[in-house]
Structure formats: C-alpha cells, structure tokens
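Observations on the three-dimensional arrangement
What follows is the residue order along each chain.
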Amino acid sequence: MILVTGATGNVGRHLVGELLTAGAAVRALSRDPATANLPSEAQVARTDEMPLDGVTSLFLNPAVFWHGLDDLLARAVDRGVRRVVMLSSAAALDDDPSNDLAVHHLAIERAIEATGMEWTFTRPGEFASNALGWREAIRAGAPVREPYATARSTPIHERDIAAVAAKALLTDALVGAKPVLTGPEQLTHPEMVGLIGEAAGRPARFEEVAPEQAREEMLGRPYMREGLVDVLLRLRARAVDHPAAPSGEVERITGRPGRTFKEWAADHADDFR
C-alpha cells in the first residue's frame, strides 16, 4: 500500500494515476474526500486522520505540512513504513539560512534521513503549474505583470515530477537519490506567456514591473508571506545572469524526454480561456 499525501494537488493527482496504472494499491489523502474526485480504485482518506495501517511506502508533500510534521515520521516507522519519497525542492541546494524554502525542505529531508527508512528526495525547480497564477490576468485580457523579464528558468511539467516519484516508489532505482528535476528548455516568462496565448487561442501579454512593485503585489496574494516573497524575488533576479540549466534527469530516470512548456500550455489551455 502506497500512501499519497497531497493527492489532489498538481503532482499528487497525477501520481495517483501513475501508481494505479502500474497496479499498485493506493491510499490517497485529501482534506475533503467527498470532493477529491480521485479514481475509484484508490482508497481516499482524510489528511488529518493519516491512516498508516498496511502502508509500506509514503509520498510526502511538504506543502501539506508547512507547520511541521508532528509525529508523522515516528508513527510511520512504528507502523512499518519502509520508504519515503519526498517532493522536495531545488531550493534545498541553497545553504543560505535566509532562504525559507531551503530551510523548510532541508529540515524535512534531514528528519527523514534520521529515521533509517529508505528515501528519495525529488528536487524540482520551477513548476510549470506556477503559471496558473496568471489565469485571471490572461482571461481578462490584462498583462501578466512580473519583474526580471530576461530571467530564464526551466519549468517542469507536473506529470514529469509524478513520473519520477512513481519510479522512486515502485522500484529501487532511486533509493538514496536526490535528483534535481527540470524541464527540457530554458524560457523567460514573456516567452511562457506567449506560449499560453498560442495554446489558449487568445491574446496574452507580458508587462515588466519593478521588483519593488512586484513585491508589494505578491504580498497581497494568499499564502505569500514576507520571507517567502523576498526569496522568490532573489531567485528570479539571480536567473537573469545565472539561469539554471536543464538537468536531463527526467529523461535519464523515465527513459523519455521531459515535456516542454508548450506541451504544458496545451494541456492547460482551458484554464486560460
């Protein structure tokens, strides 16, 4: 039995599908099972109940546990869970103590390592699905307003993250690995906005704003706090002159090329119409 936390999230939903297709038994956690809309083959349970009986492997999404894991890992060891695959972050490569993203993910990685369970830490960089935050602007015909227009990143399709996580849960190939996952290409945000517009069949514009203005707007969004906003802006500024290169890990692990952002935009075109 594989327990998937964050099962209705961008990665979790696809992971549940990957595991079921492979014939695995899946218990999928959701805050509200009644509205989870997950495949009927999956057992669906409440996140706050965290049923670990019979579970041998655990997919851990730290976004579900931003305020701490409590006794989850100790309970998992006690119940005989043998493996943890964590949705970590490429931010974990940064040892800057002011980087909230790095601190959060590294603390959980180290706690998992200390349990003695088998582990894999997938470390994706920028999620292509972050672009869903541009939905309202593009639907309204307004420009997407972001700083650092020339910064380049390697957005990764959530399906590729799920495919790597499934490999880590179903085989021994990634035990003890910390693969940094990226998309197959470097793109600027203006280029990404353009690809979304093409896929959705509607105008999509980008407007560069000053970092100070962007910071103010970001702080007004749900779940955005000061430390996190400053880290995101600092990472974006770094990507102007020092963009991350495609890692090639998705293709190495899955045996097929990573999906492009153009493919992601086509998959999500209805979100922007």
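These figures come from a predicted structure and were not determined experimentally.

Rules and cut-offs
Residues numbered from 1 in each chain as written. Predicted model: local features only at pLDDT ≥ 70, side-chain atom pairs only at ≥ 80, totals over all residues. Heavy atoms only, no water. Helix = DSSP H or I, 4+ residues; strand = E, 2+ residues; numbered from the N terminus. Contact = heavy atoms within 4.5 Å. Polar contact = N/O pair within 3.5 Å; in protein donor to acceptor, adjacent residues only side chain to side chain. UniProt positions renumbered as here; feature names shortened; annotations may be inferred. Core = buried A, V, L, I, M, F, W, Y, C linked by side-chain atoms within 4.5 Å. Buried < 20%, exposed > 50% of the residue type's maximum accessible area, 1.4 Å probe, protein only. Expected span 1.5 Å × (residues − 1). Arc of directions from axis to C-beta.

All right, on to the environment of Thr115 then. By the element assignment, Thr115 lies in the loop between α3 (100-113) and β6 (118-124). In this structure, the C-alpha to C-alpha distance between Thr115 and Arg82, residues 33 residues apart in sequence, is 10.0 Å. Excluding its chain neighbours within four sequence positions, the residues that come into contact with Thr115 are Leu73 and Val77. Among the polar contacts made by the side chain of Thr115, one reaches the main-chain carbonyl oxygen of Ile112 at a distance of 2.6 Å. One polar contact links the side chain of Thr115 to the main-chain amide nitrogen of Met117, over a distance of 3.1 Å.

All right, on to unusual backbone geometry then. You will see that Asp70, though not glycine, has its phi angle at about 55 degrees, which is positive. The residue Asp70 is located in the loop between β4 (57-60) and α2 (72-78) in this model. One non-glycine residue, Tyr148, adopts positive backbone phi at about 55 degrees. You can see Tyr148 is positioned in the loop between β7 (144-146) and β8 (152-153).

Further remarks concern the UniProt feature "domain: NAD(P)-binding" (unreviewed entry) in the chain. In this numbering, the UniProt entry assigns the feature "domain: NAD(P)-binding" (unreviewed entry) to residues 6-170. End C-alpha to end C-alpha, residues 6-170 measures 18 Å, and it is 31% helix and 18% strand.

What follows deals with the nonpolar core. Nonpolar side chains tend to gather and get buried jointly when the protein is soluble and globular. Val4, Leu15, Val16, Leu19 and Phe59 are the most contacted members of the largest nonpolar core, which has 30 residues in total. Going through the elements one at a time, β1 (2-4), α1 (10-21), β2 (26-30), β5 (83-87), α5 (158-170) and α9 (249-254) are the ones with two or more residues in this core. Counting residues per element, this core draws most heavily on α5, at 7 residues. If near-sequence neighbours (up to four positions away) are discounted, Leu15 is found in contact with Val4, Phe59, Ala162, Ala165, Ala166 and Leu169. Counting 22 residues, the second-largest nonpolar core is a separate cluster that includes Leu29, Leu52, Val84 and Ile108.

For α1, which comprises 12 residues, the first-to-last C-alpha distance of 18 Å matches the rise-based estimate of 16 Å (1.5 Å per residue) to within 8%. Along α1, the residues classified as buried are Val11, Gly12, Leu15, Val16, Leu19 and Leu20. Along the long axis of α1, the arc covered by the buried residues comes to 160 degrees, so they all point the same way. Contacts from the buried residues of α1 go to β1, β2, β4, β5 and α5.

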